Amino acid sequence: MKILLLSDTHGYVDERILDYASKADEVWHAGDIGDLKVTDEISKVSRLRAVYGNIDNAEIRKEFPLHHRFEIESLDVWMTHIGGYPGKYSPAIREEIYKNPPKLFICGHSHILKVMPDKKLNLLHMNPGACGIYGFHQVRTMLRFEINSGKIENPEVIELGKRI
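Residues numbered from 1 in each chain as written. Predicted model: local features only at pLDDT ≥ 70, side-chain atom pairs only at ≥ 80, totals over all residues. Heavy atoms only, no water.

**A closer look at the packing of aromatic side chains**
Then, number 1: Going through the model one piece at a time under the given rule, you end up with 5 aromatic pairs.
Then, number 2: Considering the side-chain rings of Tyr 89 and Phe 105, the 5.7 Å spacing of their centres and the 80 degrees angle between planes classify their relative orientation as edge-to-face. Of this pair, Tyr 89 sits in strand β7 (residues 88-89) while Phe 105 sits in strand β8 (residues 104-106); the two residues are 16 residues apart in sequence, bridging distant segments of the chain. Residue Tyr 89 shares its accessibility class with Phe 105, and that shared class is buried.
Then, number 3: Ring-pair connections join several aromatic residues into one group, and the members of that group are Trp 78, Tyr 89, Tyr 98 and Phe 105.
Then, number 4: In this structure, Arg 49 packs its charged tip against the face of Phe 70, placed 4.1 Å from the ring centre. (Phe/Tyr/Trp six-rings, centres within 6.5 Å; stacked < 30°, edge-to-face > 60°. Helix = DSSP H or I, 4+ residues; strand = E, 2+ residues; numbered from the N terminus. Buried < 20%, exposed > 50% of the residue type's maximum accessible area, 1.4 Å probe, protein only. Lys NZ or Arg CZ within 6 Å of the ring centre and 35° of its normal.)

Here it is as structure tokens:
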């Protein structure tokens, strides 16, 4: 199962994002979608899972949840927009993640690409950075990886160049 993970589009989608999306079995969007045209365009080329972020309006919040927990290819995944990272989880999710940790925890929000293990909770944390053109990030990024029988394989950082 080929996954494209992105976040923080802030209403922006371009042909490069859509080209990568078309080569994925699923695209996961970790919030701050910004405009439903983004998810509409992605949905035309791939299966989409998404959560809403702090900048997303009521229309987007009706379409997507704040938290999305699911199992795929025997992998327990939890995706939310504001989640923190190992050792500094957001207070809103801290109790639940310690009580019932997933194997893969995904968030966005920071615009900082991070992939790191949480050895204490035996999970992998992923934040794909930001692939939109708004924010303080200098380079637009996404992540691509494969899931095979519960294992994450072939992780790859995709750099989309400098922010416009």
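Still more ground to cover, so stick around.
**Quick notes on the side chain of Ser 90**
Then, number 1: With respect to the secondary-structure elements, Ser 90 resides in the loop between β7 and α4 (91-99).
Then, number 2: Excluding anything up to four places from it in sequence, Ser 90 contacts Ile 82, Gly 83 and Gly 84. (Contact = heavy atoms within 4.5 Å.)

**Digging into the pattern of salt bridges**
Then, number 1: One pass over the structure, following the stated rule, counts 8 salt bridges.
Then, number 2: A salt bridge links Glu 26 to Arg 49; the nearest nitrogen and oxygen atoms lie 2.6 Å apart. Here the residue Glu 26 occupies a position in strand β2 (residues 26-29), and Arg 49 occupies one in strand β3 (residues 47-50), the gap between them amounting to 23 residues. For the pair Glu 26 and Arg 49, a shared accessibility class is recorded, and that class is buried.
Then, number 3: Between Glu 41 and Lys 44 there is a salt bridge, with its nearest N and O atoms 3.0 Å apart. A residue pair is termed a helical-turn pair when its members lie 3 or 4 positions apart in one helix, as Glu 41 and Lys 44 do in helix α2 (residues 36-45) at 3 residues.
Then, number 4: Judged by relative accessible area, Lys 44 falls into the exposed class, the value being 62%.
Then, number 5: Salt bridges sharing partners connect three or more residues here, namely Glu 26, Arg 47 and Arg 49. (Salt bridge = Lys/Arg side-chain N within 4 Å of Asp/Glu carboxyl O.)

**Considerations on the state of the cysteines**
Then, number 1: Enumeration according to the criterion identifies 0 disulfides in this entry.
Then, number 2: With no disulfide of its own, Cys 107 lies closest to Cys 131 among cysteine sulfurs, the gap being 15 Å. (Disulfide = S-S within 2.5 Å.)

**A few points about the sheet that holds β3**
Then, number 1: Taken in spatial order, the 5 strands of this open sheet run β3-β2-β1-β11-β12, and their pairing is mixed. One side of each edge strand has no neighbouring strand; the edge strands of this open sheet are β3 and β12 (151-162). Within this sheet the neighbouring strands show an average axis-to-axis angle of 20 degrees, counted without direction.
Then, number 2: Across 4 bridges, strand β1 (residues 2-6) lies against β2 in parallel orientation. Considered in β2, the bridge of Leu 6 is made with His 29. (Pairing = 2+ DSSP bridges. Axes fitted to C-alpha atoms, helices over the stretch in contact; angles between N-to-C directions.)

**Quick look at the sheet that holds β8**
Then, number 1: Taken in spatial order, the 5 strands of this open sheet run β4-β5-β8-β10-β9, and their pairing is mixed. This sheet does not close on itself; its edge strands, each paired only once, are β4 (67-72) and β9 (113-118). Here the strands of the sheet are splayed against their neighbours by 15 degrees on average, with no regard to which way each runs.
Then, number 2: Bridging between β4 and strand β5 (residues 75-80) involves 6 bridges; their strand directions are antiparallel. When the bridges of β5 are listed, Glu 71 appears paired with Asp 76.
Then, number 3: Along the sheet, α4 contacts β4, β5, β8 and β10 (123-128); its crossing angle with β5, the most-contacted strand, is approximately 170 degrees.

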